[in-house]
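Summary of the model geometry
The chain contents come next:
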Amino acid sequence: PARALPPSLPRPAASRSQRPRDKMAAPVLGRRCRGAAGLWSSLQQTPPLLVSSPPPRRSAHEAARQMRGASGLLAAMTERGLFQEVFPARSAEEQLPVLLDPGQPPLTVYCGFDPTADSLHVGHLLPVIGLLNFQRAGHDVIAVVGGATALLGDPTGRERAREPLPEERVRANALSLRAGLLRLLYNHQELLWDGRRRLGRAELLNNAHWLGQEPLLHFLSGAGGRLRMGTLLSRQSCQARLRSAEGMSLAEFLYPALQAYDFLHLNRSHGCRLQLGGADQLGNIMSGYDLVTRMTGTDVFGITVPLITSTTGDKLGKTAGNAVWLNRDKTSPFELYQFFVRQQDNVVEKYLKLFTFLPLEEIDHVMAMHAKEPEKWGPQKRLAAEVTKFVHGREGLESAKRCTKALYHSSVEALEAMSDQELQELFRQTPSVELLLEPGMNVLDLCRKANAIMDGPSGYQKITNGGVSINGVRETNPEAVLILGQHILKNGVSLLRVGKKNYYVIKWLQL
């Protein structure tokens, strides 16, 4: 059942989907927008990011500079680089600024997340943040877990069909994604929202609840009769698959139709008029627009957010094998923190605008301080802290900082404060050894029992040459007897390092 919450890397990639049909030259759109509210009034001389074929492309920084002073949610999000394209251009230009005006009733916005894995990943954060920015402006948002559509698999951007997932696996994944989305909504409301204004309502739904109950013949004779084959066949993803040797299954071909039906169902049941999605989802959003307008006559809209890609241009995600997960059992808070703290200077300002809710003035200040003291990596640390807090909460951020101090700053205090879970996360690929402390046990004994050095003179020499450290302190005396509180920490753990990268976690028994 639906659960209502209390009111309250790399660079973005361009969409490969077919562009909207109602194209308009940028100067014409600019002239027609004169005097309009919100975003559109600021575009009198600015070619927009959404229209003409091919649409004019601008970097996020260039768009932001040209839109300084514009008011409204759309203007603010476009200045941050979060909203990339709006569809359809003409009616959006005329109606969205009015619909999104603070004095109007709340608009309902939705975004879908297919449970093809048991966790969200970093690539999902921008659609979630997009929804939350609508919620922060007082609008109602719906996150739809695709418990039905995941059984078909979205063909967008894929060269071959997805491996089919068993229904039991999809159901389990859907529950996990629901829990992940709830955690993000909760952390945002509790940790990142000032509470001075009303938050819009947020709901989590599963499209299996309506698609699973829709009879096939009823769907085909109803929604199926309004969707045009030519439009579906014209999508670039469809054309590419049809030309491939493998071809395209009927199930994949019907995926956009089922996603379009989601929009129709939410429009009828929740008054939803705006769909949010990644830049690669524009074609599917257009199918939803076609279906809703044909069957209801209601003007609806779509907005895309950028895709986040690796340095090689691959979309971050499960398919490419480069996902940075949001579930702690797959990517720890420390690993998530390190992913963002390692971002380079040429993207960190962009990422602060995309992945955080920090005011632009504060981001400008952070970047100005960075220009004076680049060696402190201030923007990267702030970015990592904000995202980790959003994903894992305050405790997760503290855990990430503890692990960072223990590993990179040899902090004994941080090591002593670490839980078993944090040790396992920090040294996920590190051997863990349980040992009994015997009377007179020394550094050489420890290294040998942990299989960290070779037997014989070479292992002994490794220690004397300074190649071994315990809890961040170099040990050069193989015969030094282990001391509680120095070699063995208060939490019964020792961190042994041999060479530069070989770590061993020692857990002492019966101390």
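That block above? That's the structure.
Rules behind the numbers
Residues numbered from 1 in each chain as written. Predicted model: local features only at pLDDT ≥ 70, side-chain atom pairs only at ≥ 80, totals over all residues. Heavy atoms only, no water. Helix = DSSP H or I, 4+ residues; strand = E, 2+ residues; numbered from the N terminus. Buried < 20%, exposed > 50% of the residue type's maximum accessible area, 1.4 Å probe, protein only. Axes fitted to C-alpha atoms, helices over the stretch in contact; angles between N-to-C directions. Parallel < 35°, antiparallel > 145°, perpendicular 65-115°, else oblique. Left-handed = near helix turned anticlockwise from the far one by under 90°. Contact = heavy atoms within 4.5 Å. Core = buried A, V, L, I, M, F, W, Y, C linked by side-chain atoms within 4.5 Å. Domains from an automatic or database assignment. Polar contact = N/O pair within 3.5 Å; in protein donor to acceptor, adjacent residues only side chain to side chain. Salt bridge = Lys/Arg side-chain N within 4 Å of Asp/Glu carboxyl O. Pairing = 2+ DSSP bridges. Patch = residues over 30% accessible without salt bridge, like charges linked within 9 Å, V, L, I, M, F, W, Y side chains within 5 Å. Areas by Shrake-Rupley, 256 points an atom, 1.4 Å probe, with all protein chains shown as cover. Lys, Arg positive; Asp, Glu negative; His and termini not counted. Charge placed at Lys NZ, Arg CZ, Asp CG, Glu CD. Expected span 1.5 Å × (residues − 1). Nonpolar A, V, L, I, M, F, W, Y, C, P; charged D, E, K, R; others polar. Phe/Tyr/Trp six-rings, centres within 6.5 Å; stacked < 30°, edge-to-face > 60°. Lys NZ or Arg CZ within 6 Å of the ring centre and 35° of its normal. Right-handed = clockwise from strand over helix to strand, strands pointing away.

**Observations regarding the overall build of the protein chain**
If you tally the helices and strands in the protein chain, you get 22 helices and 14 strands. Looking at the protein chain residue by residue over its 511 residues, the buried ones come to 55%.

**A word on the packing of helix 5 (residues 125–136) against helix 6 (residues 167–192)**
Where helix 5 meets helix 6, the axes come as close as 11 Å, and the angle between the chain directions of the two elements is 50°. Relative to helix 6, the element helix 5 is oriented oblique. Crossing of helix 5 against helix 6: the hand is right-handed. Counted together, Leu125, Val128, Leu132, Gln135 and Arg136 of helix 5 and Leu181, Leu184, Leu185, His188 and Leu192 of helix 6 form the full contact between these two elements.

**Let's talk about the nonpolar core**
Formed by 69 residues in total, the largest nonpolar core has its most connected members in Leu96, Phe134, Phe340 and Phe355. Considering each element in turn, this core owes the most residues, eight residues, to helix 18 (residues 378–408). Split by domain, the residues of this core number at least three in each of domain 1 (69–305) and domain 2 (332–424). Not counting residues within four places of it along the chain, the set of residues in contact with phenylalanine 355 comprises Val122, Leu125, Leu126, Ile129, Ile308, Phe340, Leu383 and Val387. If you look at the next biggest cluster of nonpolar residues, it comprises 25 residues, including Val144, Ala148, Val292 and Val300.

**A closer look at the side chain of histidine 392**
The residue histidine 392 is located in helix 18 in this model. Accessibility expressed as a relative area gives 13% for histidine 392, which makes it buried. Residue contacts for histidine 392: discarding those within four places in its chain leaves Asn187, Leu326, Asn327, Arg328, Thr331, Ser332, Pro333 and Leu336.

**Details of the side chain of asparagine 187**
Following the sequence through the fold, asparagine 187 ends up in helix 6. For asparagine 187, a relative accessible area of 6% puts it in the buried group. Reaching out from asparagine 187, the side chain makes a polar contact with the backbone oxygen of phenylalanine 390 at a distance of 3.0 Å. Leave out the neighbours within four places in its chain, and asparagine 187 touches Leu192, Lys389, Phe390, Val391, His392 and Gly393.

**What about the pattern of salt bridges?**
As a working rule, side chains carrying opposite charge can pair if their charged atoms are close by. What the rule picks out here adds up to 15 salt bridges. Across the salt bridge formed by arginine 402 and glutamate 395, the nearest N and O atoms sit 4.0 Å from each other. The partly exposed category is assigned to glutamate 395, whose relative accessible area is 42%. Where arginine 448 meets aspartate 455, a salt bridge forms, and the shortest distance between an N and an O atom there is 3.8 Å. Overall, arginine 448 belongs to the partly exposed group, its relative accessible area being 30%. Classification of aspartate 455 by relative accessible area gives exposed; the value is 60%. Several salt bridges share partner residues, and in doing so they unite Arg328, Glu395, Arg402, Glu422 and Glu425 into one network.

**Points about the sheet that holds strand 11 (residues 468–470)**
The five strands lie next to each other as 10-14-13-11-12, forming an open sheet whose pairing is mixed. Two strands lie at the open edges of the sheet, namely strand 10 (432–436) and strand 12 (473–474), each paired on one side alone. The sheet contact formed by strand 11 and strand 13 (residues 493–498) spans three bridges and is antiparallel. Bridge pairing links serine 469 to arginine 497 in strand 13.

**Considering a positive patch on the surface**
A cluster of basic residues, Arg226, Arg228, Arg268 and Arg294, forms a positive patch at the surface. In this structure, arginine 226 sits in helix 9 (residues 223–226).

**Some points on helix 14 (residues 282–296)**
In this model, helix 14 (15 residues) spans 21 Å end to end at C-alpha, consistent with the 21 Å of a helix rising 1.5 Å per residue. Burial runs high along helix 14: eleven of the 15 residues are buried. Buried within helix 14 we find Leu282, Gly283, Asn284, Ile285, Met286, Ser287, Gly288, Tyr289, Asp290, Leu291 and Val292. Check the buried side of helix 14 and you find it contacts strand 3 (85–87), helix 9, helix 10 (229–234), helix 13 (255–270), strand 7 (274–278) and strand 8 (301–305).

**Considerations on a nonpolar patch on the surface**
A cluster of nonpolar side chains, Leu216, Leu217 and Leu220, forms an exposed patch at the surface whose accessible area comes to about 340 Å². Looking at where leucine 220 falls in the secondary structure, it is placed in helix 8 (residues 216–221). Given a relative accessible area of 40%, leucine 220 falls into the partly exposed group.

**Describing the packing of helix 15 (residues 333–341) against helix 18**
Between helix 15 and helix 18, the least distance of the axes is 7 Å, while the angle of their chain directions is 100°. Here helix 15 is positioned roughly perpendicular relative to helix 18, judged by the angle of their axes. Taken together, the residues of the contact of helix 15 with helix 18 sort by class into 16 nonpolar, six polar and one charged.

**As for the packing of aromatic side chains**
Per the counting criterion, the structure on display carries ten aromatic pairs. Between the aromatic rings of tyrosine 351 and phenylalanine 355, the centroid separation amounts to 5.2 Å while the plane-to-plane angle is 70°, which identifies the pairing as edge-to-face. Taken together, the residues tyrosine 351 and phenylalanine 355, both in helix 16 (residues 345–355) and four residues apart, mark about one turn of the helix. Since its relative accessible area comes to 1%, phenylalanine 355 is described here as buried. The rings of Phe339, Phe340, Tyr351 and Phe355 are connected pair by pair, giving a single aromatic cluster. Over the ring of tryptophan 325 we find lysine 330; its NZ or CZ atom is 4.6 Å from the centre of that ring.

**Description of the environment of arginine 228**
If you trace the backbone, arginine 228 turns up in the loop between helix 9 and helix 10. For the pair formed by arginine 228 and alanine 257, sequence separation is 29 residues and the distance between their alpha carbons is 9.9 Å. A polar atom in the side chain of arginine 228 sits 3.4 Å from the backbone oxygen of glycine 225.

**Remarks on the pairing of strand 7**
Counting buried positions over the five residues of strand 7 gives five, a clear majority of the element. With three bridges joining them, strand 4 (residues 108–113) and strand 7 adopt parallel strand pairing. Directly across from tyrosine 110, in strand 7, lies its bridge partner glutamine 275. Sheet topology note: the strand 7/strand 8 ladder contains five bridges and is parallel. When the sheet's bridge partners are listed, leucine 276 is paired in strand 8 with isoleucine 303. A crossover connection joins strand 7 to the parallel strand 8 through helix 14; in handedness this β-α-β unit is right-handed.

Note that all results are geometric; they support no functional claim without further evidence.
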